[in-house]
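So you can see what is in the structure, the chains are spelled out below.
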Amino acid sequence: KPDYVDRKAERDTERGKTIDTICRRDIKLSDYNISRAKYNELKYFCIQYAEKKQKLQNAYGLKATVNDGMPKSNLSGDSTAQEAVRNAMMQEDIKLIEETARKTSPEIYKWVLKNVTEGTPYEWMDVPVGRRQFYEYRRYFFYLLAQKR
């Protein structure tokens, strides 16, 4: 391990950054005219994929409400309708990520999806294409996602 990595890690730890943020390297998307801020927005949007799927799965079912005549909150409107709108938005986000991965490459969309949503690196997956080609597909995924979002 090179010495400069250790010094950078020490410097960043002193600044309050965690080691986890040091190890993650952002990809270069200047070829697709995507700024670092836009890329970070898309990356964190994709990382929320599993959380949204879990929330959506937990959202279905009966929710008990007690109607004893006492006011419960200051929100006006139908709570069921508000929940339905939230669920529809989560479904759209999930669908957007999945469809973009499929459009990127139908052959390897499962691996692209796993990489962008879970952060699983290429080396830990058994991808049927080379490393360089896989990361080109990943960059193209973010390009397509930036167009749609």
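Residues numbered from 1 in each chain as written. Predicted model: local features only at pLDDT ≥ 70, side-chain atom pairs only at ≥ 80, totals over all residues. Heavy atoms only, no water.

### Observations concerning the confidence of the model for the protein
- When pLDDT is averaged across the protein, the result is 81; 70% of the residues are at 70 or more.
- Here helix α2 (residues 19-23) stands out as the least confident element of the protein, with mean pLDDT 38; helix α6 (residues 109-118) is the most confident, with 96.
- Residue range residues 11-23 is modelled with pLDDT below 50. Its contacts to residues more than four positions away, or to other chains, number five contacts. (pLDDT = per-residue confidence, 0-100. Helix = DSSP H or I, 4+ residues; strand = E, 2+ residues; numbered from the N terminus. Contact = heavy atoms within 4.5 Å.)

### Brief notes about helix α5 (residues 79-104)
- The end-to-end C-alpha distance of α5 is 38 Å, a good match for the 38 Å that 26 residues give at a rise of 1.5 Å each.
- Restricting attention to buried positions, one finds in α5 the residues Asn87, Met90, Ile94, Leu96, Ile97, Thr100, Ala101 and Thr104.
- Residues of α5 that are buried make contact with α3 (36-47), α4 (49-59), α6 and α7 (131-148). (Expected span 1.5 Å × (residues − 1). Buried < 20%, exposed > 50% of the residue type's maximum accessible area, 1.4 Å probe, protein only.)

### Let's talk about the pattern of salt bridges
- According to the stated counting rule, one finds eight salt bridges in the structure shown.
- Between Lys114 and Glu118 there is a salt bridge, and its shortest N-O distance comes to 3.1 Å. With Lys114 and Glu118 both in helix α6 and four residues apart, the pair spans about one turn of that helix.
- The shortest N-O distance in the salt bridge between Arg132 and Glu136 comes to 2.6 Å. (Salt bridge = Lys/Arg side-chain N within 4 Å of Asp/Glu carboxyl O.)

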